[in-house]
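Residues per chain are reported as follows:
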Amino acid sequence: MDTHNEVLKLWPELDWIKNEELRSKVTKTWELALERSVLSADDLNIIPFTLLCGPDLKVTFMDHKKAVVHIAYESGLKMNQFFKDELPVDMDVLVSGAILADVGKLLEYELDEKGKAVQGMYGKYLRHPFSGVSLAEECKVPAEVCHIIATHAGEGDMVKRSTEAYVVHHADFMTFLPFKSRLKKANS
Ligand SMILES: [Fe+2]
């Protein structure tokens, strides 16, 4: 399967982006990341989404990414339904940012001498919010979407987030922090 079709298979949610030009830029960013990554599309459905919770965690990288995209999407719909023009959420920007938030993680890995994917030097210096923006800008993804990539994680606490960036940030953290706190309890 070529990279384009691999991305379409990984992300049927790309169809939620109504603007064709934006959808194609988001798709291209994922293609570029897969081409440059030591990970394959199949690996993403196998590797755990965080190394913090030990080797037994069954939630994969893609399980977590999809949960974030779906929660962000449903949240955006509800906010538009209840707040209308008081707090408009741009659904195309929201979905694009959610799909791209962790795309830079594909560059954070390198293979160790045993062929296992581990965090590499590049990822230590440039965490995925930075490498993600870099990949997305290469594919001409607009600033309002790059802003979501840049601010979705802890680094974004220093930045005034857009509405869409707040939604993605919280969708990401609400599906990560409970795993982290469960681990803390187990260790205490
Ligand atoms: Fe992230």
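Up top is the structure.
Residues numbered from 1 in each chain as written. Predicted model: local features only at pLDDT ≥ 70, side-chain atom pairs only at ≥ 80, totals over all residues. Heavy atoms only, no water.

The next thing to look at is the coordination of the iron ion. Those protein atoms acting as donors to the iron ion are Asp102 (OD), His128 (NE2) and His152 (NE2), and they sit at 2.1 to 2.2 Å. Along the chain, the residues donating to the iron ion fall in the pattern D-x25-H-x23-H. One end of the pair, histidine 128, is in helix α7 (residues 128–138); the other, histidine 152, is in the loop between α8 (143–151) and α9 (163–174), and 24 residues separate them in sequence. Judged by relative accessible area, which is 1%, histidine 152 ranks as buried. (Donors = N, O, S within 2.8 Å, 3.2 Å for Na, K, Ca; no water. Helix = DSSP H or I, 4+ residues; strand = E, 2+ residues; numbered from the N terminus. Buried < 20%, exposed > 50% of the residue type's maximum accessible area, 1.4 Å probe, protein only.)

Glancing now at the packing of α8 against α9. Close contact between α8 and α9 brings their axes to 9 Å; oriented N to C, the two are set at 35°. The way α8 lies across α9 gives a crossing that is right-handed. Between α8 and α9, the contacting residues are His147, Ile148 and Thr151 on the first element and Glu164, Ala165, Val168 and His169 on the second. Along the lines of polarity and charge, the residues of the contact of α8 with α9 split into three nonpolar, three polar and one charged. (Axes fitted to C-alpha atoms, helices over the stretch in contact; angles between N-to-C directions. Left-handed = near helix turned anticlockwise from the far one by under 90°. Contact = heavy atoms within 4.5 Å. Nonpolar A, V, L, I, M, F, W, Y, C, P; charged D, E, K, R; others polar.)

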